[in-house]
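# Coordinate inspection notes
So the chains spell out like this:
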Amino acid sequence: MSKKKKITTSTGVEVRHKPLGLRIWNNRGYYLMFLPVFVFILVMYYWPMLGIRYAFYDYKPVGAPTFVGLKHFYSMFKTDAFWSAFRNTLELSIMKLLITTFTAVIVSIFLNEMGNLFAKKTLQTIIYLPHFMSWAVVASIFSLFLSPSSTGLVNGLLRDWGILAPDAKGIYFLASTAWWRPIFYLINIWKETGWGTIIFLATLAGINPELYEAADIDGATRMQKMRFVTLPALANTIITVLILNLAKVMNMFESVFVLYNNAVYSVSDVISTYIYRQTFAIALPNYGYSTAVGLFKSLVGCVLVLVCNWASKKTRGRGIV
Amino acid sequence: MAKTAYRKPKKKVHVFDIVNYIVFILIGLLVLVPIWKVVVDSFNAVGVYQFRLWPEDFTLDGYKTIIHTQRLYRPFINSVITTALGTLLGLLLSTLGGYVLIQFDMPGRNSFAYFLLFTMIFSGGMIPEYLVMKQLHLVNSMWILVVKHGMNVYNLVLMRNFFEGIPASLFEAAEIDGCSPMGIFFKIVLPLSKAALASIGLMFAVTVWNDYSTVKIYITNPDQVNFQYQLRNMIMDGDTPTTQYSVSQNTLFYAAIVCAILPFMALYPFLQKYFVKGVNIGAVKE
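Residues numbered from 1 in each chain as written. Chains lettered and ligands numbered in written order. Predicted model: local features only at pLDDT ≥ 70, side-chain atom pairs only at ≥ 80, totals over all residues. Heavy atoms only, no water.

### A look at the overall build of chain B
Rules: Only DSSP runs of H or I with at least four residues qualify as helices, and only runs of E with at least two residues qualify as strands; both kinds are numbered from the N terminus onward. Two things to know: the radius of gyration comes from C-alpha atoms, and the globule rule equals 2.2 Å times the number of residues to the power 0.38. The protein chains shown are the only cover counted for residues, whose accessible areas, like all others here, come from Shrake-Rupley with a 1.4 Å probe. Charge counting follows a simple rule: Lys and Arg are positive, Asp and Glu are negative, and His as well as the terminal groups are ignored. To locate a charge, take atom NZ for lysine, CZ for arginine, CG for aspartate or CD for glutamate.
Helices and strands together make up the secondary structure of chain B, namely 13 helices and 0 strands. Taken against the 2.2 N^0.38 rule, which gives 19 Å for 286 residues, the C-alpha radius of gyration of chain B at 25 Å runs more than 25% over that of a compact globule. Its C-alpha atoms put chain B at 80 × 65 × 35 Å along the principal axes. Looking at chain B as shown, the accessible area adds up to about 13,900 Å², and 65% of this sits on carbon and sulfur atoms. Treating the 22 positive side-chain charges of chain B as one cloud and the 16 negative ones as another, the clouds have centres 11 Å apart.

### Remarks on the nonpolar core
Heads up, the condition is: We call a set of buried residues a nonpolar core when its members are Ala, Val, Leu, Ile, Met, Phe, Trp, Tyr or Cys and they connect through side-chain atoms within 4.5 Å of each other. Only protein chains enter the area calculation, which uses a 1.4 Å probe; residues under 20% of their type maximum are buried, those over 50% are exposed, and those in between are partly exposed. It only takes one pair of heavy atoms within 4.5 Å for two residues to be counted as in contact.
Formed by 174 residues in total, the largest nonpolar core has its most connected members in A:Val37, A:Trp180, A:Leu259, B:Tyr99, B:Ile184 and B:Ile257. Per-element tally for this core: the top contributor is helix H13 (residues 249-284) of chain B, with 16 residues. With sequence-adjacent residues up to four places away left out, B:Ile184 is seen in contact with A:Tyr30, B:Tyr99, B:Phe171, B:Ala174, B:Glu175, B:Cys179 and B:Val189. Ranked by size, the runner-up nonpolar core spans 5 residues in total, among them A:Ile243, A:Ala247, A:Val305 and A:Ala311.

### Here we look at the confidence of the model for chain B
Residues and elements named next belong to chain B. As a reminder, the rule being used: The predictor rates its confidence in each residue with pLDDT, a number between 0 and 100.
For chain B, per-residue confidence averages 87 on the pLDDT scale, and residues scoring 70 or more make up 92% of the total. Within the model, pLDDT remains below 50 along residues 282-286, and this stretch shows 7 contacts once partners closer than five positions in the same chain are excluded. Predicted complex, confidence summary: ipTM 0.89, pTM 0.89.

### A closer look at the interface of chain A and chain B
To keep it simple, the criterion reads: Values labelled buried area give the accessible surface lost by two parts on being combined, using a 1.4 Å probe and summing over both. A side-chain nitrogen of Lys or Arg and a carboxyl oxygen of Asp or Glu constitute a salt bridge if their distance falls within 4 Å. Pairs of N or O atoms are called polar contacts if they sit within 3.5 Å, as long as, within protein, a hydrogen donor faces a hydrogen acceptor (for residues adjacent in sequence, only side-chain-to-side-chain pairs).
The interface is formed by 88 residues belonging to chain A together with 89 residues belonging to chain B. The three residues of chain A that bury the most area against chain B are A:Tyr30, A:Met33 and A:Phe132, which together make up 9% of that side's buried surface. Here B:Asp17 makes a salt bridge to A:Arg222, at a shortest N to O gap of 3.2 Å. Across the contact surface, chain A and chain B share 16 residue pairs in polar contact (both at pLDDT 80 or more). In terms of residues, the side of chain A that touches chain B owes the most to one element, helix H2 (residues 28-50) of chain A, which gives 18 residues.

### Things to note about a nonpolar patch on the surface
Selection criterion: Each patch is built from salt-bridge-free residues with over 30% relative accessible area, joining like charges within 9 Å and nonpolar side chains (Val, Leu, Ile, Met, Phe, Trp, Tyr) within 5 Å.
Together, B:Ile25, B:Leu29, B:Val33, B:Trp36, B:Phe51, B:Leu53 and B:Trp54 make up an exposed nonpolar region whose accessible area comes to about 700 Å². Among the structural elements, B:Phe51 can be located in the loop between helix H1 (15-42) and helix H2 (61-68).

### Quick notes on the side chain of B:Asn226
Of note, B:Asn226 is situated in the loop between helix H11 (213-218) and helix H12 (227-236). Contact partners of B:Asn226, with chain neighbours within four places excluded, come to B:Pro75, B:Ser79, B:Leu145, B:Val208, B:Trp209, B:Asp211 and B:Val215.

### Digging into the environment of A:Leu201
All names here are of chain A. Tracing the sequence through the fold places Leu201 in helix H8 (residues 180-205). Taking relative accessible area as the criterion, Leu201 reaches 10% and is therefore assigned buried. Between the C-alpha atom of Leu201 and that of Asn262, which follows or precedes it by 61 residues, the distance is 40 Å. Leaving out residues up to four positions away in the same chain, Leu201 has contacts with Ser108, Leu111, Asn112, Gln124 and Tyr128.

### With respect to the packing of helix H13 (residues 271-280) of chain A against helix H5 (residues 126-135) of chain B
Put simply, the test is: Think of each axis as a best-fit line through the C-alpha atoms, taken over the contacting stretch in the case of a helix, with angles from 0 to 180 degrees between the N-to-C directions. When describing relative orientation, an angle under 35 degrees is termed roughly parallel and one over 145 degrees roughly antiparallel, while 65 to 115 degrees is termed roughly perpendicular and anything else oblique. When residue character is reported, Ala, Val, Leu, Ile, Met, Phe, Trp, Tyr, Cys and Pro are called nonpolar, Asp, Glu, Lys and Arg charged, and the others, Gly included, polar.
At their nearest, the axes of H13(A) and H5(B) sit 10 Å apart, and the two run at 45° to each other. Relative to H5(B), the element H13(A) is oriented oblique. The segment H13(A) lies against H5(B), with A:Ser272, A:Ile275, A:Tyr276, A:Thr279 and A:Phe280 engaging B:Met126, B:Ile127 and B:Tyr130. Tallied by class, the residues present in the contact of H13(A) with H5(B) amount to 6 nonpolar, 2 polar and no charged.

### Focus on the pattern of salt bridges
Per the stated rule, a full pass over the model turns up 11 salt bridges over all chains. Notably, a salt bridge pairs A:Glu192 with A:Lys191, separated by 3.1 Å at the nearest N-O pair. Overall, the relative accessible area of 3% leaves A:Lys191 in the buried class. In this structure, a network of salt bridges that share partners links the residues A:Glu113, A:Arg222 and B:Asp17.

### Topic: the packing of helix H3 (residues 70-100) of chain B against helix H6 (residues 143-150) of chain B
To characterise two packed helices, one gives the angle between the axes of the helices and the distance between these axes. Residues and elements named next belong to chain B. Applied cut-off: Each crossing gets its hand from how the near helix is turned against the far one by less than a right angle, where anticlockwise is left-handed and clockwise is right-handed.
Running from N to C, H3 and H6 point in directions that differ by 25°, and their axes come no closer than 8 Å. Viewed along their axes, H3 and H6 adopt a mutual orientation that is roughly parallel. Handedness of the H3/H6 crossing: right-handed. Listed contacts from H6 to Ile81, Thr82, Leu85, Gly86, Leu89, Gly90 and Leu93 of H3 are Trp143, Leu145, Val146, Val147 and Gly150. Considering only residue class, the contact of H3 with H6 consists of 8 nonpolar, 4 polar and no charged.

### Concerning helix H7 (residues 153-164) of chain B
Residue and element names in this part refer to chain B. To be explicit about the condition: Under the convention used throughout, the expected extent of a helix is 1.5 Å for every residue step, that is, one less than its residue count.
The terminal C-alpha atoms of H7, which comprises 12 residues, lie 16 Å apart, in line with the 16 Å expected from a rise of 1.5 Å per residue. For H7, the full list of buried residues reads Val153, Asn155, Leu156, Leu158, Met159, Arg160, Asn161 and Phe163. Capping the start of H7, Asn152 holds a side-chain oxygen 2.9 Å from the backbone nitrogen of Tyr154, two or three residues further along.

### So, H5(B)
Among the 10 residues of H5(B), 8 are classified as buried, and the element is accordingly described as predominantly covered. Of the surrounding secondary structure, the elements contacted by the buried residues of H5(B) are H2, H13 and helix H14 (287-316) of chain A together with H6 and H11 of chain B. Two residues or fewer after H5(B) comes B:His137, characterised by a positive phi angle close to 60°.

Here it is as structure tokens:
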């Protein structure tokens, strides 16, 4: 009995610790409950990690994998389509992040200024709605609206307003390299602005009303109060939102996947869609090459998460993972 | 009492308030008009580009076509089945995992937490995942949707954060009364977590129902695809199934969109707080 470990807590109270074996036995029920989660995580997340080794193999749907070293990485870094996809990933997701954050901040400030609670609640209900529509649905809706056919809403209106000649062919927005990105950002604004306001509204609700009262006494106008009280209060939240989302920029996939087409690859193709096409849209895919591109994406993503985690700890005292 | 000349001072109407109301209405319309056009056009027999408040030529043919065309109703049923099962599996795994993660005197608890968190930082990637699923015979099967979304580490952590808010004295009391871990889980933890179960369950349901890319990557068999996939394929890739109905393409497309959003749009006004709460559960703990 003398071997029993003694642990002293910070308050100086002596706690007798049970031996490890007994503690494990006492918690056997919990281990059993964790088992299904453990199995799922192992199979769904860790088993695929073993497959990363194929990045160094030639691996085709037929035949055994053969080791090729860094061949895929050399050919990847020499491929223009890969670099274009990498650039597009960064440009599209960072621009999207900045634009939707900006619109969300503006809309939250308007919502915050609305004195009529019923109007405020109603608008909130409405603008959260598109967030729950799938990307497939949103892409379908807007491709119908933007279609160059006679039933396309936008081209029809452009003819009505005299911007397009009545007999002119409609603009094929989603297949135009000039239009694809602006349309992509607009659709993102439509879908995600409302949802993005939630976090800013929570911050605004937490602003000490005394600050506004003090500003009133100083004779501040409404605009001045927005400029000098509301916006500074939002600054921290804006930075948090940007950091949290910066960690995910490499993940951009479905929103592009549903909206792009072969006419606009140069401005829309991102890493994940590139991987998809290299694997599932060509006749004889080399899983090795796609895995190598995927590994590059995972590594960049991992670095971004760690950097953002560090930045988050610096700015708000807690990490993101 | 004689009437006094006193009049309540009129509430001053600021220009700003008027501008704010106008902006409000504009924002609301920007969101609602596209959705309303979809709904109206799904009942309109003639395809028009204009925005109409009501259908000009009312018809239900779009919906009838969907109900009677196997290539359209089959994916809808698949969506319902996978969403239901995916949500159940998701709730089961995230509650079990979340509950185990709050057992602070369990040896190995920290290792389990890191085991889970690492998956949020690093992943095998699309192709290694595909190769694993192929070995598990989940390629070309709709069960991939259930399995893939059933395990979600982020939701598990949300669940754990919620469980942490349950007073520990409740667990201790139950333990003293001789309740087993499973007993505590089912008799105390779950009944106290109805709100979290509703919000996180909705998050699972929305994810599974809305998934398009998993189906596009893993499934080629038309019997196994879900409705989102069929919808996008039909509208954007021109893969319209042949039907015995002479329905205008436009009507059919818009009716299909309505079917794809109907389940959640119908629930949304009633369950809005649960839909929105999910974001805040994570923020409660701080």
